[in-house]
Amino acid sequence: MSTEIKTAVFDLDGTLVDSLPDLAESGMELLKSYDLHLPSEEAVRAMIGDGARALVDRLLTYGGDENRIDRDEATRRFLDIYEPRATQKTQLFPDTEKTLATLQERGISCVICTNKPVKAAQAIIEQLGIASLINAIGGGDSFPMRKPDPDHIRKTVRMINAEPTRAIMIGDHQNDIRAAMGVPMPSLFASWGYGDRTMSAHATAIAGCVAELPRLIYDLSRPN
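Residues numbered from 1 in each chain as written. Predicted model: local features only at pLDDT ≥ 70, side-chain atom pairs only at ≥ 80, totals over all residues. Heavy atoms only, no water.

Peer 1: Explain the packing of helix H3 (residues 52–63) against helix H4 (residues 71–82) to me, please; I cannot follow it from the model alone.
Peer 2: Any two packed helices are characterised by the angle at which their axes cross and by the distance between the axes. Where H3 meets H4, the closest approach of the two axes is 9 Å, and the angle between their N-to-C directions is 105°. Taken together, the axes of H3 and H4 lie roughly perpendicular to each other. Contacts between H3 and H4 involve Ala52, Arg53, Leu55, Val56, Asp57, Leu59, Leu60 and Thr61 from the first element and Arg71, Asp72, Ala74, Thr75, Phe78 and Leu79 from the second. Each residue belonging to the contact of H3 with H4 can be placed in one class, and the counts come to 8 nonpolar, 2 polar and 4 charged. (Axes fitted to C-alpha atoms, helices over the stretch in contact; angles between N-to-C directions. Helix = DSSP H or I, 4+ residues; strand = E, 2+ residues; numbered from the N terminus. Parallel < 35°, antiparallel > 145°, perpendicular 65-115°, else oblique. Contact = heavy atoms within 4.5 Å. Nonpolar A, V, L, I, M, F, W, Y, C, P; charged D, E, K, R; others polar.)

Peer 1: Sorry if this is basic, but what is going on with the packing of aromatic side chains here?
Peer 2: Counted under the stated rule, the structure contains 1 aromatic pair. An angle of 5° between the planes, with centres 5.7 Å apart, marks the rings of phenylalanine 78 and tyrosine 82 as stacked. Of this pair, phenylalanine 78 and tyrosine 82 both sit in helix H4, 4 residues apart, which is roughly one turn of the helix. Accessibility expressed as a relative area gives 1% for phenylalanine 78, which makes it buried. (Phe/Tyr/Trp six-rings, centres within 6.5 Å; stacked < 30°, edge-to-face > 60°. Buried < 20%, exposed > 50% of the residue type's maximum accessible area, 1.4 Å probe, protein only.)

Peer 1: What is the right way to read unusual backbone geometry from this model?
Peer 2: If a residue is not glycine, its phi is most likely negative; likewise, a peptide bond is most likely trans. The step from lysine 147 to proline 148 runs through a cis peptide bond, and the omega angle for that step is 20°. With respect to the helices and strands, proline 148 occurs in the loop between strand S5 (136–138) and helix H7 (150–158). Here the amide bond leading from valine 183 into proline 184 is cis, since omega sits at -5°, within 30 degrees of zero. Along the polypeptide, proline 184 turns up in the loop between helix H8 (174–182) and strand S7 (187–190). Phi at aspartate 35 is positive, roughly 60°, even though this residue is not glycine. Relative to the helices and strands, aspartate 35 is located in the loop between helix H1 (20–33) and helix H2 (41–45). Judged by its relative accessible area of 70%, aspartate 35 is exposed. Backbone geometry places aspartate 95, a non-glycine residue, at a positive phi of 70°. Summarising the element assignment, aspartate 95 is placed in the loop between strand S3 (91–92) and helix H5 (96–105). A relative accessible area of 41% means that aspartate 95 is categorised as partly exposed.

Peer 1: Is there a simple way to explain the nonpolar core in this structure?
Peer 2: Soluble globular proteins tend to bury their nonpolar side chains together. Phe10, Phe78 and Ile217 are the most contacted members of the largest nonpolar core, which totals 54 residues. The element best represented in this core is H1, accounting for 6 residues. In this structure phenylalanine 10 touches Thr15, Leu16, Leu100, Leu103, Cys110, Val111, Ile112, Cys113, Met169, Ile170 and Leu213, once residues within four positions along its chain are discounted. If you look at the next biggest cluster of nonpolar residues, it comprises 12 residues, including Ile153, Ala167, Ala180 and Val183. (Core = buried A, V, L, I, M, F, W, Y, C linked by side-chain atoms within 4.5 Å.)

Peer 1: What's the story with the packing of H7 against H8 in this structure? I'm lost.
Peer 2: Between H7 and H8, whose axes approach to 7 Å, the crossing angle comes to 75°. Regarding the angle of H7 to H8, the classification is roughly perpendicular. Together, Pro150, Ile153 and Arg154 of H7 and Asp176, Ala179, Ala180 and Gly182 of H8 make up the contact between the two elements. Each residue belonging to the contact of H7 with H8 can be placed in one class, and the counts come to 4 nonpolar, 1 polar and 2 charged.

Peer 1: What's the story with the environment of phenylalanine 78 in this structure? I'm lost.
Peer 2: When the C-alpha positions of phenylalanine 78 and isoleucine 108 are compared, they lie 35 Å apart, and in sequence the two are 30 residues distant. Setting aside chain neighbours within four positions, we find phenylalanine 78 in contact with Leu23, Ser26, Gly27, Leu30, Leu55, Val56 and Leu59.

Peer 1: I would appreciate a short explanation of the pattern of salt bridges in the present structure.
Peer 2: Opposite charge on two side chains permits pairing when their charged atoms draw close. All told, the structure shown has 18 salt bridges when counted by the stated rule. For arginine 85, the salt bridge goes to aspartate 22, with nearest N and O atoms at 3.3 Å. In this pair, arginine 85 sits in the loop between H4 and S3 while aspartate 22 sits in helix H1, placing the two residues 63 residues apart along the sequence. Its relative accessible area of 14% is what places arginine 85 among the buried residues. Between aspartate 72 and arginine 53 there is a salt bridge, with the nearest N and O atoms lying 2.9 Å from each other. You can see aspartate 72 sitting in helix H4 and its partner arginine 53 sitting in helix H3, a full 19 residues away along the chain. Here the salt bridges do not stand alone but share partners, grouping Asp22, Glu25, Arg85 and Lys89 into one network. (Salt bridge = Lys/Arg side-chain N within 4 Å of Asp/Glu carboxyl O.)

Rendered as structure tokens:
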């Protein structure tokens, strides 16, 4: 018997929003400030998914720094650059707003579990007009742990007093899939995002586009 899914847990970057342009340009500004080699936008794509500090570390390493630059200070500098411009070029993926509304209409709560700092995540969903469709955000700085630790999902779902085992994780990175496996809960790999397709290996199913999500979630909720 399948368990009825009552909560959809979404990753943010590469799943609900295409934030690559703003992240890449902010990363380039950071590296310019240190006079380091600049990456292409495509190179930055592969660095996203583990939170701001990991992104900064990868940017600095790519730029040629040999761990001389303090990562905590560089992360603060990056966030000072990024947060004011987090929605300059960031956009929702096609059908995102409609999909969230459909899930809400079906009685499925929608929460975000992201390794991005919660302040930036909240600003993005407000600016892009989907804040009213999101019931809670568990950011990368909301709890002592973050994905792939399954407690990041558990604590995010419990922010709305929901049951993690009646939820589903939707994300484009192996951290999303690994965290879901640890709960345990089903997961959908967002193939339109930034993660390499090999990261989908242990997902319950692969979603080809945002518009497919309501049907896939419905199918996984039905009794076998």
